[in-house]
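# Structural overview for review
Residue strings, one per chain:
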Amino acid sequence: MLDLRPIFLTIGMLLTILAISMLIPAAVDFAVDNPDWRVFAKAAGITLFAGVAMALSCRTGRNSLSVRQAFALTAMLWIVLTLFASLPFLFCELGLSFTDAYFEAMSGITTTGSTVLTGLDGLPPGLLLWRGILQWLGGLGIVVMALSILPMLRVGGMQMFRVEAFETEGKMLPRAAQLSAGIVLILFFFTGMLILGLWLAGMTGLEAVVHALTTIATGGYSTSDGSIGHFDSALIEGIITVGMVVGGIPFLLFLKLVRGDGRSLLRDEQVQWYLGILASVTVAVTAWLWFSQGMTPLHAFRYASFNVVSIMTGTGYASADYGQWGVFPVGVMFFLMFVGGCYGSTACGIKVFRFQVLYASARSQIRHLVQPHGVFIPTFNRRPISDEVVTSVLSYFFIFGAVFAVLSLGLNLQGLDIVTAMSGAGTAMANVGPGLGPIIGPAGNFQSLPDAAKWLLVAGMLIGRLEVFTIFVLFSRRFWRG
Amino acid sequence: MGKLFAFWIMAALAFIGVRTVSAETISFDHHAVTVIDGDSIQVSGRVIQLQGIDAPELGQACNNDGHYWLCGLSAAYELRRLVGFQISPIECVRMPQDRDITQALCMANGGDIGLVLISSGLAVTTADSPLHYRVAERRAREAALGIWGGAFILPADWRQDKRLPGEHAFGPSAHLHGELPWKIEAGGLTFEPRSEHAACLVKGVIEDGRRVYYGPLDHEYETLQPDTGRGERLFCGDDLARMAGWRRKGEETRIN
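Before going into details, it helps to say that this report is about the structure given with it. (Residues numbered from 1 in each chain as written. Chains lettered and ligands numbered in written order. Predicted model: local features only at pLDDT ≥ 70, side-chain atom pairs only at ≥ 80, totals over all residues. Heavy atoms only, no water.)

One frequent convention defines the size of an interface as the accessible area lost when the parts assemble. Contacts between the two partners involve 35 residues from chain B and, on the opposite side, 43 residues from chain A. Across the chain B to chain A interface the summed buried area is about 3100 Å²; carbon plus sulfur atoms make up 58%. Linking chain B with chain A are three salt bridges, by the criterion used here. The residue B:R80 makes a salt bridge to A:D121 at a minimum N-O spacing of 3.2 Å. Run the count over chain B and chain A and you get 10 residue pairs in polar contact (both at pLDDT 80 or more). Take the side of chain B that touches chain A: its biggest share by element is six residues, from helix α2 (residues 71–84) of chain B. Here the residues of the side of chain B that touches chain A sort into 18 nonpolar, 12 polar and five charged. (Contact = heavy atoms within 4.5 Å. Buried area = accessible area lost by both parts, 1.4 Å probe. Salt bridge = Lys/Arg side-chain N within 4 Å of Asp/Glu carboxyl O. Polar contact = N/O pair within 3.5 Å; in protein donor to acceptor, adjacent residues only side chain to side chain. Helix = DSSP H or I, 4+ residues; strand = E, 2+ residues; numbered from the N terminus. Nonpolar A, V, L, I, M, F, W, Y, C, P; charged D, E, K, R; others polar.)

Written as structure tokens, this is what we have:
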């Protein structure tokens with residue numbers, strides 16, 4: 001039988017951190033005399049009580065997790081944290097239903113960025129800030145999890161990223177704590193730079209803070225219904241584009257850079273592919289907008305670069321309704337949303353390294369067909385890729401595709417047209433934010449969807465964020481029997 | 001003689017037909033647009049009503065499984081979002097009509113704005129809606145999108161003071177004026193009953209001797225406090241304000 005105490009101990013501790021973070025929007029609302037501060041105060045009180053109670057009642061004296069406990073923790077953590085993170089949305093003046101509140105919180109904490117809220121421009125500052133904080137915490141959480149827990153679970157090829165210094169299974173939690181400190185500092189640095197840059201570019205203080213939080217987390221929540229398009233500023237779009245690109249780069253490489261190892265960042269093949277894909281797709285869409293849509297080259301580059309980077313990194317900001325740009329950009333954006341950023345970053349999607357593994361494997365296969373007696377070993381970052389990793393990645397693609405198909409059909413079954421259904425399933429699983437089409441496209445919103453569709457999308461966000469296998473393992477009877 | 005007579009009759013009919021079907025196209029940048037509500041916009045001195053659709057009124061609430069939501073405001077925000085995301089000029093094709101308000105079919109980069117609102121379940125068709133609008137409405141209804149996800153009053157009926165049971169208790173003015181619609185008391189939340197006029201969000205004020213109405217999406221809205229002693233008042237919809245003779249700021253008195 002699985003010992004759940006270390007799991008609830010960890011959840012309890014993180015709930016305590018969540019409760020403390022709720023005090024920030026409470027303080028902001030209190031400072032501007034907005035009565036919503038009572039909402040955050042009440043939510044913080046409930047969350048703190050639950051967190052402390054869980055932590056105190058589940059103390060075990062052991063500071064380690066088994067692999068099975070890590071699997072259970074990963075899934076339960078995100079579900080429970082989201083429940084408490086939804087309290088401010090549930091209690092606030094907007095009168096959201098539980099479905100809408102949980103959807104908004106899950107979209108925040110998984111850094112998806114799909115929203116059911118409208119009239120953002122007039123919302124209380126605390127609520128806007130809370131959305132930003134949720135995405136920032138979610139981005140931090142996914143980076144720490146990716147570096148310390150997921151490699152040990154050997155999920156979808158992530159065993160390639162096991163850091164040799166932390167080989168011992170039972171050391172997951174201390175390793176997570178160790179890495180968190182460095183990652184938090186780096187996140188704070190980038191967030192601070194973005195706040196300063198956006199504020200100097202013309203945003204108000206609140207707008208700069210919220211957009212800095214959601215940019216580096218590649219989350220995409222904005223303070224305006226018009227997203228970044230509302231500001232109509234090439235400078236703001238440029239700063240945010242740089243921020244999104246940075247958010248999609250592995251944070252471990254930034255840690256190494258800080259420690260004097262800059263070569264790792266420059267020589268990392270995953271980063272090279274990531275930047276290469278971004279650049280080439282940007283050029284292609286720019287050319288389309290220039291020649292086919294009649295935009296000036298500068299305008300075409302401005303809109304293409306921002307929206308391509310936003311979709312590929314999974315941020316989900318929009319500066320224009322690219323659904324109206326013609327058939328090519330729509331197709332590009334649809335496929336690009338699945339690519340994602342680099343492993344170990346805040347970005348979402350399938351991740352660039354998985355495509356690299358498949359490419360390397362396919363290339364070896366083709367060479368082997370031409371020279372049957374040759375020995376061709378697929379490599380990643382100049383290291384051989386094991387058959388176990390290739391199998392893991394292939395399995396990931398299969399499960400991802402199967403879940404995508406089931407989700408799409410589930411949404412379609414509820415009466416949504418196929419474009420809305422497929423793009424909705426894709427944007428949820430890849431944690432991007434906007435879908436395609438008039439309903440949930442860049443100019444749309446998820447509010448009008450029926451509750452059942454929203455719950456399907458919530459499931460998609462969770463499954464995608466936790467790299468698919470982490471959720472499905474829990475459905476295995478063997479897992480619980482041990 | 002008979003053929004000549006017939007010729008002149010046909011020429012006259014053709015002339016009338018040309019006048020009837022001639023259309024004016026208005027093209028403008030999205031920066032020039034102010035969204036009034038879910039089916040009306042203002043471009044400089046002209047108020048344009050999106051042809052073939054009727055969106056919930058600004059203060060209107062719809063009910064989804066016992067839960068009220070601000071469907072009127074949501075429709076207005078959606079229209080604002082649609083308009084705001086356009087980097088190409090928006091084109092509205094208008095048929096000359098003997099009305100004080102322009103009715104037009106508005107397109108943004110080839111997309112029909114009114115159709116988007118119908119497809120999203122944030123507006124209903126009207127008597128003069130084209131067939132493809134009705135098809136889109138049926139699909140939205142089948143998918144339970146937007147207002148079709150629960151109970152709502154048709155906007156035309158809502159303007160005649162019809163309300164859903166309990167709708168008055170969910171006053172959207174709380175959202176706009178920083179008040180909470182419920183009290184947080186020890187042990188739980190309780191609803192405070194709102195007044196009947198809590199849903200009347202359109203503010204009618206007198207400026208420079210002119211009776212002007214504003215909606216929640218106007219920049220000046222939050223600062224305006226209608227003074228009933230001066231004849232200023234609230235309206236439960238922009239159409240009702242217009243019927244009472246109030247107009248938008250800067251609006252031409254008659255559209256030709």
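For the rest of this paragraph, the subject is empty space enclosed by the protein. For the structure on display, the rule yields six cavities of 30 Å³ or more. Lining of the largest cavity is provided by 24 residues; of these, A:G113, A:T115, A:G316, A:P442 and A:G444 occupy positions nearest its centre. (1 Å grid on protein atoms, 1.4 Å probe; cavity = no way out; pocket = protein on both sides within 12 Å on 5 of 7 lines; lining within 4 Å. Points joined across faces, edges and corners; volume = space filled by probe spheres on them.)

Quick look at the environment of A:G464 now. Residues and elements named next belong to chain A. Within the element layout of this structure, G464 appears in helix α20 (residues 451–465). Residue classification places G464 among the buried positions, given a relative accessible area of 3%. Distance from G464 to E104, taken between C-alpha atoms, is 16 Å for residues 360 residues apart in sequence. Once residues within four sequence positions are removed from consideration, G464 is found in contact with M429 and N431. (Buried < 20%, exposed > 50% of the residue type's maximum accessible area, 1.4 Å probe, protein only.)

Further remarks concern the pairing of strand β4 (residues 46–50) of chain B. Residue and element names in this part refer to chain B. Burial of β4 is extensive: five of the five residues sit out of reach of the surface. Burial along β4 is two-sided: the residues R46, I48 and L50 and V47 and Q49 are all buried. Direction of pairing for strand β3 (residues 40–43) relative to β4: antiparallel, over a ladder of four bridges. The residue bridging I41 from the neighbouring strand is I48, located in β4. (Pairing = 2+ DSSP bridges.)

Bringing the packing of aromatic side chains into the picture now. Residue and element names in this part refer to chain A. Per the counting criterion, the structure on display carries 28 aromatic pairs over all chains. With centroids separated by 6.5 Å and ring planes inclined at 50°, the aromatic side chains of Y396 and F469 adopt a geometry described as tilted. Taken together, the residues Y396 in helix α17 (residues 387–413) and F469 in helix α21 (residues 469–472) connect sequence positions 73 residues apart. In textbook terms, an aromatic cluster arises when at least three aromatic residues are bridged by ring pairs, as seen for F334, F335, F338, F355, Y396, F397, F400, F404 and F469. (Phe/Tyr/Trp six-rings, centres within 6.5 Å; stacked < 30°, edge-to-face > 60°.)

The next thing to look at is the layout of surface pockets. Approximately 1200 Å³ is the volume found for the largest pocket. Taken together, 43 residues make up the lining of the largest pocket; nearest its centre are A:D121, A:H230, B:R80, B:L217 and B:H219. Taken together, the elements giving at least two residues each to the lining of the largest pocket come down to α9 (205–216) of chain A together with β2 (33–37), α2 and α6 (173–177) of chain B. Element by element, the count of residues in the lining of the largest pocket is highest for α2(B), at five residues. A breakdown of the residues in the lining of the largest pocket according to their chemical character gives 13 nonpolar, 18 polar and 12 charged.

Checked against the element boundaries, A:Q69 lands in helix α3 (residues 67–85). Those residues in contact with A:Q69 that sit more than four places away from it in its chain are A:L2, A:D3, A:P6, A:I7 and A:S64.

All names here are of chain B. Judged by pairing direction, the sheet is antiparallel, and its three strands sit side by side in the order β15-β14-β16 without closing on themselves. Two strands bound the open sheet, and with one partner strand each, they are β15 (210–214) and β16 (233–235). Neighbour-to-neighbour, the strand axes of this sheet turn through a mean angle of 35°, independent of strand direction. Both strand β14 (residues 202–207) and β16 contribute to a ladder of three bridges, which runs antiparallel. Across the sheet, the residue bridging to K203 is L234, located in β16. (Axes fitted to C-alpha atoms, helices over the stretch in contact; angles between N-to-C directions.)

Turning next to the packing of helix α5 (residues 98–109) of chain A against α20(A). All names here are of chain A. Packing of α5 against α20 leaves a shortest axis separation of 10 Å and a crossing angle of 25°. Classified by the interaxial angle, the pair formed by α5 and α20 is roughly parallel. α5 and α20 meet at a crossing whose hand is left-handed. Contacts between α5 and α20 involve F98, T99, D100, Y102, F103, M106 and S107 from the former and D451, K454, W455, L457, V458, M461 and L462 from the latter. Taken together, the residues that form the contact of α5 with α20 break down as nine nonpolar, two polar and three charged. (Parallel < 35°, antiparallel > 145°, perpendicular 65-115°, else oblique. Left-handed = near helix turned anticlockwise from the far one by under 90°.)

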